[in-house]
Amino acid sequence: MSAAIVPLEDGWEKIRNEGIKVLEDFLDTGRIRSTVPQNPDPKRPPTVFSKSNYATLYTTVYNMCTQRAPNNWSEQLYRRYGEAMSDYVARQVLPALQGQTDIPLLKELLKRWSNHKIYVKWMDRFFTYLDRYYVKLQSVESLHSRGYSIFNQLVFDECKRDTRNALLKVINQERQGEHIDQDLVKGIIQMFIDLGLGNTNVYNSEFEEAFLPATSDYFVRQASGWLMEDSFPEYLRKAEAAMHAEEQRVTNYLHRSTQPRLKHVVIQALLAQPQSQLLEKETAVVYLLENDKREDLARMHRIFSLVDNGLQPIAQTFRQYVTDRGNKIVDERVEQAKTMASKSEALGDPSFIQTLLDLHDRFKGIVLECFAQDSLFQKSLKEAFEVFINRDIGKYSFAALMSSFCDRILKKSGERLSDNQVEELLTKMVELFSFLSDKDLFAEIYRNQLSKRLLYETSASEDAEKSMIAKLKMKCGAQFTSKLEGMINDLSLAGDLIKEFREHCDHLDEGRSALGGIDFSVTVLTTGFWPSYQVQDANLHPQMQKAIQVFHNFYNMRTQHRRLQWIHSLGQASIQGKLNNRRHDLIVNSYQALILLLFTKDESHDLAFIQNATGLDQQLTKKLMMTLTISKYKILTKSGGDTKAIEDDATFTPNDSFQCPHRKIKIPPPTTEETHNKERVEEDRSIAIEAAIVRIMKMRRTLSHQQLVTEVLTQLSTFKPNPKLIKQRIEHLIDREYLERDPNQASTYRYLA
């Protein structure tokens, strides 16, 4: 037995009366039939239809869609679904919105849209079977999309302009500090998104395309006012607050896709366009640096990093400011140097280098704390320091001052600092050193001063010495510090050697008396590591000669391939003397000892006798005699009235009126010429340039002059040669037939294998 046919009009009448009218009545009045049971939870939405109501309506639609043709009413139901919804919109929704603007419009529109979504939801449920089969088979718009399209075409198209204007007005009110109903705005924005049916086309075209230019106009006006009224830091505070507010706006009620475009618009209006005017303000970058406004500096970096190339002009200003500060310090030093009479005064004053360390410390801190270690600002800081650290400051170069500063820290007689303070100062010193062009000159001076600390045992800490060398090695490479490491290693080996020598002496037939009755030790150094010293033979005391011969014999037994050369100027002797009936232990160098040993009794000797007896030249003899007669400790007295020089005919006698409370007296040796002379450094540089040229040409075979000069400058890290010097070395290599000029192009060189 087959089911009864449902005529179209009868079925539709039932759907309209029991479903559509009930639904429309609920939307208009909020009334629900008393027969429909409700959920006890008040937070849940009200139930408009009971399960039985819904089942009846669903079944009616099902039957009407499953009847055989010509009684299959699927097409007619699909059409009437849209007609019913359109009719309700025309009757109830459009009149309610007529004449509304601003907030009332938004509220009414949101209410009507919320109702429409309920309408679509229940209609979708009633017509589920139609949606499931007819829509798919006929490839027509789904019922849900059809319902949203009806609202879009009939309602939204009518009021979208007013809605958009109302939204922009409300958002501007919030920007000006007024309180707004964010839920209302969020609901309307969500309507724009929902009407896009799965994409943001409607939202983008009908809202965002107007919102972004309006935002730009608003903030351009704001920027103009702030520029007139506010200081640079205050402007940045307002700009940052505005950007945060716009980000929060996206979070609160806009679509997340707006965020990058909105951010770009705000940045352009508040920062990119007025940047040049901002940076010209009196309270801009220089003011912030001058007054150490670190919070404002950090904000400036944070904000302008959002602008394309926004940090470039700031970095240039920063570089110029640091350069000016450094130049001012250097200028003051140059003026001071004119009044400094002695070398010790010029090199011994640490205040200049300490001021530069403090300057670097301060700006490094700003780059770290305020500029987030931005490589652009690190580069600016480096370039600024390189400008004034490599200036000509007179007789004593930056290399000499830096090395002397390190010498002061590492010496026993220097400042009393804890190990941590020494380590911290050395670290800062190496950072400052890294800006120096004449690194090779620094290495020479430092090596000379290190040798004195090691040989005269005035180094405060071996660990500190090794730490400094390790820092230099990290900065400049192993080749740079190889000689310094060799010097430290030499002294360690020398200690082991002297132990072996003493054991050797203990096994001799004469024992230690073979050394002539003196306590004798030798420090053997490797010539290549240490500075070059002037060697001058002398007529040694017989006991000294005997001890030296014993060591020669011992050393020759150990190796046949090394030759000993004695540097007596670096030797040290302890001589017991009795002056003014008081005993003293005099610590002197070997030459001073030879002179003092001539005065074993109360006797007088002239300069010629002393010179002849010691075998030293007159110039050195006079220098030695000055240390014993004119300097602080006047062990001998001299004839003649000149208190600052030794006359050729002067005679010397032991000073019977000598007075000193100390038993042990260390008499400084005469000052020697520095081993780090400019000529030697220039010679080393010439060799380094030629080696670099040959290395490059051997690999490249053919190069233009400019390319070769550029590559040489890149390879030489310990100094920056003048291009003219490079050209001279190229000419020299051409003369020696390492290179040749290209016969067709004079500015191109070829390598000759």
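Each value, and the rule that gives it
Residues numbered from 1 in each chain as written. Predicted model: local features only at pLDDT ≥ 70, side-chain atom pairs only at ≥ 80, totals over all residues. Heavy atoms only, no water. Salt bridge = Lys/Arg side-chain N within 4 Å of Asp/Glu carboxyl O. Helix = DSSP H or I, 4+ residues; strand = E, 2+ residues; numbered from the N terminus. Buried < 20%, exposed > 50% of the residue type's maximum accessible area, 1.4 Å probe, protein only. pLDDT = per-residue confidence, 0-100. Phe/Tyr/Trp six-rings, centres within 6.5 Å; stacked < 30°, edge-to-face > 60°. Lys NZ or Arg CZ within 6 Å of the ring centre and 35° of its normal. Axes fitted to C-alpha atoms, helices over the stretch in contact; angles between N-to-C directions. Parallel < 35°, antiparallel > 145°, perpendicular 65-115°, else oblique. Left-handed = near helix turned anticlockwise from the far one by under 90°. Contact = heavy atoms within 4.5 Å. Nonpolar A, V, L, I, M, F, W, Y, C, P; charged D, E, K, R; others polar. Pairing = 2+ DSSP bridges. Expected span 1.5 Å × (residues − 1). Arc of directions from axis to C-beta.

Visitor: Tell me about the pattern of salt bridges, and please be specific about residues and values.
Guide: One pass over the full model with this rule turns up 43 salt bridges. Measuring nitrogen to oxygen at the nearest pair gives 3.0 Å for the salt bridge that ties Lys-428 to Asp-361. Separated by 67 residues along the polypeptide, Lys-428 in helix α19 (residues 419-433) and Asp-361 in helix α16 (residues 351-369) bring together distant segments of the chain. Owing to a relative accessible area of 35%, Asp-361 belongs among the partly exposed residues under this scheme. Salt-bridge contacts for Lys-411 lead to Asp-407; the nearest nitrogen and oxygen are separated by 3.4 Å. Asp-407 gets classed as buried once you look at its relative accessible area, which sits at 10%.

Visitor: How would you explain the confidence of the model for the protein chain if you had to name every residue and give the values?
Guide: Across the protein chain, the average pLDDT comes to 84, with 97% of residues at or above 70. Mean pLDDT values over the elements of the protein chain span from 70, in helix α15 (residues 343-348), up to 93, in helix α17 (residues 375-389).

Visitor: Any details on the packing of aromatic side chains? Residues and values, ideally.
Guide: What characterises a pair of aromatic rings is the spacing of the ring centres plus the angle enclosed by the ring planes. Applying the stated criterion across every chain yields a total of 33 aromatic pairs. An angle of 40° between the planes, with centres 5.5 Å apart, marks the rings of Tyr-203 and Phe-207 as tilted. With Tyr-203 and Phe-207 both in helix α8 (residues 201-229) and four residues apart, the pair spans about one turn of that helix. Each member of the pair, Tyr-203 as well as Phe-207, carries the same accessibility label: buried. Taken together, the ring pairs connect Phe-501, Phe-520, Phe-551, Phe-554, Tyr-555 and Trp-566 into an aromatic cluster. The cationic tip of Arg-125 hangs over the ring face of Trp-122; the distance from NZ or CZ to the ring centre is 4.6 Å. Taking the ring centre of Phe-433 as reference, the NZ or CZ of Lys-439 above it sits at 5.7 Å.

Visitor: Run through the packing of helix α9 (residues 232-252) against helix α10 (residues 258-272), naming residues and quoting values.
Guide: Relative to each other, α9 and α10 sit at 165°, their axes nearing to 10 Å. Considered as vectors, α9 and α10 are oriented roughly antiparallel to each other. Here α9 and α10 pass one another in a crossing that is right-handed. Listed contacts from α10 to Tyr-235, Ala-239, Ala-242, Met-243, Glu-246, Glu-247 and Val-250 of α9 are Gln-259, Leu-262, Lys-263, Val-266, Ile-267, Leu-270 and Leu-271. A per-class count over the contact of α9 with α10 returns ten nonpolar, one polar and three charged.

Visitor: Lay out the sheet that holds strand β3 (residues 605-606) in plain terms, naming residues and giving numbers.
Guide: Strand order across the open sheet formed by three strands is β3-β5-β4, with antiparallel pairing between neighbours. This sheet does not close on itself; its edge strands, each paired only once, are β3 and β4 (636-638). Summarising the sheet, β3 and strand β5 (residues 651-654) pair through two bridges and their orientation is antiparallel. The partner of Asp-606 across the bridge, within β5, is Thr-651. Sitting on the sheet, helix α26 (residues 618-629) is in contact with β4 and β5, with an inclination near 115° to β4.

Visitor: A description of the environment of Gln-336 should follow, citing residues and the corresponding values.
Guide: Secondary-structure assignment places Gln-336 in helix α14 (residues 312-337). Taking the relative accessible area as the measure of exposure, Gln-336 reaches 41% and is therefore partly exposed. Linking Gln-336 and Ser-604, residues 268 residues apart in sequence, is a C-alpha distance of 46 Å.

Visitor: Before we move on, could you go through helix α2 (residues 51-66) and cite the residues and values that matter?
Guide: With 16 residues, α2 extends 22 Å from end C-alpha to end C-alpha; this agrees with the ideal 22 Å at 1.5 Å per step. Buried within α2 we find Asn-53, Leu-57, Thr-60, Val-61, Met-64 and Cys-65. The arc that holds the buried residues of α2, viewed along the axis, is 125°, so those residues lie on one side. In this structure, the buried side of α2 is in contact with α1 (8-29), α3 (74-97), α4 (102-126) and α5 (128-138).

Visitor: Just give me the short version of α19, but keep the residues and values in it.
Guide: With 15 residues, α19 should cover 21 Å at 1.5 Å per step; its first-to-last C-alpha distance of 21 Å lies within 8% of that length. Buried within α19 we find Val-422, Leu-425, Leu-426, Met-429, Val-430, Glu-431, Leu-432 and Phe-433.

Visitor: Explain the pairing of strand β9 (residues 745-751) residue by residue, including any values.
Guide: Of the strand pairs in this sheet, strand β7 (residues 702-704) and β9 are connected by three bridges, and their pairing is antiparallel. Following the sheet pairing, Thr-702 is matched in β9 by Arg-750. In the sheet, strand β8 (residues 739-742) pairs with β9 via four bridges, with the strands oriented antiparallel. Bridge pairing links Leu-739 to Tyr-751 in β9. Counting the residues between successive antiparallel strands, the hairpin from β8 to β9 contains two residues.

Visitor: Requested: an account of the sheet that holds β8, with residues and values cited.
Guide: In spatial order, the strands read β7-β9-β8; together these three strands make up an open sheet with antiparallel pairing. Strands at the two margins of the open sheet, each flanked by one partner only, are β7 and β8. Across this sheet, the average inter-strand angle for adjacent strands is 35°, counted without regard to direction. Taken strand by strand, helix α29 (residues 723-735) contacts β8 and β9, and its axis lies near 100° from that of β8.

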